[in-house]
Amino acid sequence: MNIRWIATWAMLTLSSSVWAISPYIQGDSVAAGTPQSVATAVEGKLKKGGFKVVGKYFPKGLTGFGVVIATDDDMLDAVGSVGGEAVLGSAIRVGVKADGSIAYTNPDYWYRAYFRKSFTKKEDAVKALQGRLQEALGAGKGQGGDESASSLSNYRYMIGMERLDSSKNELNAFGSYAEALKAVRENLAKGVGKTSKIYEVVLSDRKLAVFGVAMNDGENSDGEWIKRIDMQNNVAGLPYELYIVDKQVGAPHGRFRIALAFPDVGMGQFMRISSLPNVVMETMGSVAGAEKKSTEESWQ
């Protein structure tokens, strides 16, 4: 009996570590129309569910698609208490299509990646958020590929590539949190690096902030590169983020963040955007006020 119980426990433990988790969840469709009208309908559902909408994004060159970005007070408390790069989890993103279909970021997926070792302490908050999102938007199938719970807790795309806490994420440092916040806001207002601000979430008491940043530069614009890897249906992976932790401004490395958002994309597809990780870090570096330097890092 003891041997049988031990075997059962081992199987359950193993299965929980390899359980496939998708980055996005399909919600209930709304009336078809323009992506702007679909986004407005989703905004109404989110507000009714107690969420705060902080931005909308309709990527340049990506006709028929958009993203609604929202926050949740309880989840912001959890994000703030974890701190550091977990501030990336401040925003909830809902991808919308002109046909009325929607898909939102799966909390179980993204917070495992952002909370890492702290996930188990915050799992109740994650589950509560998931329940509120399901009530507001519906709970359909997962989409966008999958990763195991164990891989998400210390995610990287391939051996040798960057993780969430890579030193390569660090872009610039200032004399204070206030100076860092002021610099990023001013640079986004100027459109430095052909960027624009989609949203900002500021947790001043924790000296944390995150900005959703649109990249609008030609073939490297968000609408163009996401089409090249054929991931339009997972547009909730956008926009890219820049974050502030105390005096430090950073951004998740391209080879981490893009792969995390699109786990079902193979190396062949990623090679269509071979220079994008470098472009992302240069662009976010310009918004952070850093001196321009090329790392020449690609997916190779």
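Residues numbered from 1 in each chain as written. Predicted model: local features only at pLDDT ≥ 70, side-chain atom pairs only at ≥ 80, totals over all residues. Heavy atoms only, no water.

1. Side note on the pattern of salt bridges
Scanning all chains against the criterion turns up 17 salt bridges. A salt bridge links Arg132 to Asp72; the shortest N-O distance between them is 2.7 Å. Taken together, the positions of Arg132 in helix 5 (residues 119-137) and Asp72 in the loop between strand 4 (65-71) and helix 3 (73-82) put the pair 60 residues apart, joining distant regions of the chain. Note on Arg132: relative accessible area 23%, which makes it partly exposed. Asp217 is the partner of Lys194 in a salt bridge, and the nearest nitrogen-oxygen pair spans 3.5 Å. Here Lys194, found in the loop between helix 7 (177-190) and strand 10 (195-203), pairs with Asp217, found in the loop between strand 11 (208-215) and helix 8 (222-228); they are 23 residues apart in sequence, far enough to count as distant. Bridged by salt links that share partners, the residues Glu43, Lys47 and Lys56 form one connected network. (Salt bridge = Lys/Arg side-chain N within 4 Å of Asp/Glu carboxyl O. Helix = DSSP H or I, 4+ residues; strand = E, 2+ residues; numbered from the N terminus. Buried < 20%, exposed > 50% of the residue type's maximum accessible area, 1.4 Å probe, protein only.)

2. Considering the packing of aromatic side chains
In this structure the tally under the stated criterion is 7 aromatic pairs. Judged by centre distance (5.1 Å) and plane angle (40°), the ring pair of Tyr111 and Phe115 falls under tilted. Of the two residues, Tyr111 and Phe115 both sit in helix 4 (residues 107-115), 4 residues apart, roughly one turn of that helix. The class for Phe115 is buried, based on a relative accessible area of 2%. Pairing Trp225 with Phe262 gives two aromatic rings, centres 6.0 Å apart and planes at 80°, and the pair type is edge-to-face. Separated by 37 residues along the polypeptide, Trp225 in helix 8 and Phe262 in the loop between helix 9 (254-261) and helix 10 (267-270) bring together distant segments of the chain. (Phe/Tyr/Trp six-rings, centres within 6.5 Å; stacked < 30°, edge-to-face > 60°.)

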